[in-house]
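Structural features, examined
Residue strings, one per chain:
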Amino acid sequence: MTGTAALNATARVRQLIDLTERLTASLGAEAEAFEAHRPQDAAASLAGTQDLANAYRRESAQVKADPGTLAAAPAKERAALIRVTQAFEAILTRHSRAIEAARIISEGLVKTIAAEVATQRGNPSAYGASGRANTGDSRAVAFNRTA
């Protein structure tokens, strides 16, 4: 029975290593795209990355709920899992910074455009010399702070 448990644990660790490496590579490619100011390149792989992230979340929740499932795996395999997890966390930090930078740039562009539109419109006055309300500019601009 112990040999079967070790084989199952080893297979599980290798599966987690593969999943973590694939997710790390996908996030790394997206981070590079954002850093190169080419978010459209990241958009192409977004669905795949989301699927990998969901699988990783599920797998990590299962391991967290029952850490003993990996205990029978050889120490070498568990050490490899730790290494790829550390690499994953590093790329996750890099990806987060790249996304935040893109968000800040996008918001800055929207604010700049909204400010330019507001200056083009001028300051409306409520009533004209005749006592009637002046007709204003009917164009509207909305700014939403959520990204």
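Look up: the structure comes first, before these words.
Residues numbered from 1 in each chain as written. Predicted model: local features only at pLDDT ≥ 70, side-chain atom pairs only at ≥ 80, totals over all residues. Heavy atoms only, no water.

**Topic: the nonpolar core**
This is how it is decided: By convention a nonpolar core is built from buried Ala, Val, Leu, Ile, Met, Phe, Trp, Tyr and Cys residues, the set being connected through side-chain atoms within 4.5 Å. Between buried and exposed lies partly exposed: a residue is buried under 20% and exposed over 50% of the maximum accessible area for its type, with that area taken using a 1.4 Å probe on protein chains only. Helix and strand assignments come from DSSP, with helices taken as H or I runs of at least 4 residues and strands as E runs of at least 2, each series counted from the N terminus.
Residues Ala9, Val13, Leu16, Ile17, Val63, Leu70, Ala73, Ala80, Leu81 and Val84 constitute the largest nonpolar core, which totals 10 residues. Broken down by element, this core gets its largest block of residues, four residues, from helix H1 (residues 2–35). The next biggest cluster of nonpolar side chains, apart from the first, holds eight residues, and it includes Leu27, Leu52, Tyr56 and Phe88.

**Considerations on the pattern of salt bridges**
Test applied: The salt bridge criterion pairs a side-chain nitrogen of Lys or Arg with a carboxyl oxygen of Asp or Glu, the two atoms within 4 Å.
For the coordinates displayed, the defined rule picks out seven salt bridges. Connected through shared salt-bridge partners, Glu100, Arg103 and Glu107 make up one network.

**Let's talk about the side chain of Glu30**
Worth spelling out the cut-off: His is not counted, nor are the chain ends; Lys and Arg add positive charge and Asp and Glu add negative charge. The term polar contact refers here to a pair of N or O atoms within 3.5 Å; inside protein, the definition further demands a hydrogen-donor-capable atom paired with an acceptor-capable atom, and it admits residues adjacent in sequence only when both atoms are side-chain atoms. Here, residues are in contact when the closest pair of their heavy atoms is within 4.5 Å.
Position of Glu30 relative to the elements: it lies in helix H1. Notably, Glu30 is buried but unbridged: the nearest opposite-charge side chain belongs to Arg94, and the N-O separation is 11 Å. Among the polar contacts made by the side chain of Glu30, one reaches the side chain of Thr49 at a distance of 2.6 Å. Once residues within four sequence positions are removed from consideration, Glu30 is found in contact with Ala42, Ser45, Leu46, Thr49 and His95.

**Here's the deal with the packing of aromatic side chains**
What counts is decided by this rule: Note on ring pairs: Phe, Tyr and Trp rings are taken, using the six-membered ring of Trp, and paired if centres are within 6.5 Å. Classes follow the plane angle, with under 30 degrees stacked, over 60 edge-to-face and the rest tilted.
If you walk through the whole model with that rule in mind, you get one aromatic pair. The interplanar angle of 45° and the centroid separation of 4.7 Å between the aromatic rings of Tyr56 and Phe88 together place this pair among those described as tilted. Note that Tyr56 is positioned in helix H3 (residues 46–65) and Phe88 in helix H4 (residues 75–121), a separation of 32 residues in sequence. For the residue pair Tyr56 and Phe88, the accessibility class agrees, reading buried in each case.

**Describing the layout of surface pockets**
Just so we agree on the cut-off: Definitions used for this entry: grid spacing 1 Å over protein atoms alone; cavity, a set of points where a 1.4 Å probe fits but cannot get out; pocket, an open set with protein on both sides within 12 Å along at least 5 of 7 lines; lining residue, one with an atom within 4 Å of a point. Grid points are joined across faces, edges and corners, and a volume is the space filled by probe spheres set on the points. Classes in brief: Ala, Val, Leu, Ile, Met, Phe, Trp, Tyr, Cys and Pro nonpolar; Asp, Glu, Lys and Arg charged; the others, Gly included, polar.
Reported here for the largest pocket is a volume of approximately 210 Å³. In terms of lining residues, the largest pocket is bounded by Leu16, Thr20, Tyr56, Glu59, Ser60, Val63, Leu70, Arg78, Leu81, Ile82 and Thr85. Among the secondary structure elements, those contributing two or more residues to the lining of the largest pocket are H1, H3 and H4. Its volume calculated, the second largest pocket comes out at about 160 Å³. Phe34, Glu35, His37, Pro39, Ala98, Ala101, Ala102, Ile105 and Ser106 are the residues that line the second largest pocket. Counting only elements with at least two residues in the lining of the second largest pocket, the list comes to H1 and H4. Among the elements that take part in the lining of the second largest pocket, H4 stands out by supplying five residues, more than any other. The residue makeup of the lining of the second largest pocket, split by class, is six nonpolar, two polar and one charged.

**Quick word on H3**
Note the threshold: Expected helix span is computed as 1.5 Å times (number of residues minus one). Throughout, the arc means the angular range of directions from the helix axis out to the C-beta atoms.
The end-to-end C-alpha separation of H3 is 28 Å, in line with the 28 Å expected for 20 residues at 1.5 Å each. Residues Thr49, Leu52, Ala55, Tyr56, Glu59 and Val63 constitute the buried set of H3. On an axial view of H3, the arc spanned by its buried residues comes to 130°, and they lie on one face. Facing away from the buried side of H3, by more than 90 degrees, are the exposed residues Ala47, Asp51, Arg57, Lys64 and Ala65.

**Brief notes about unusual backbone geometry**
Although it is not a glycine, His37 sits at a positive phi angle of roughly 60°. Among the structural elements, His37 can be located in the loop between H1 and helix H2 (39–43).

**A look at the side chain of Thr10**
Checked against the element boundaries, Thr10 lands in helix H1. Contacts of Thr10, omitting those with residues within four sequence positions, involve Ala73, Pro74 and Glu77.

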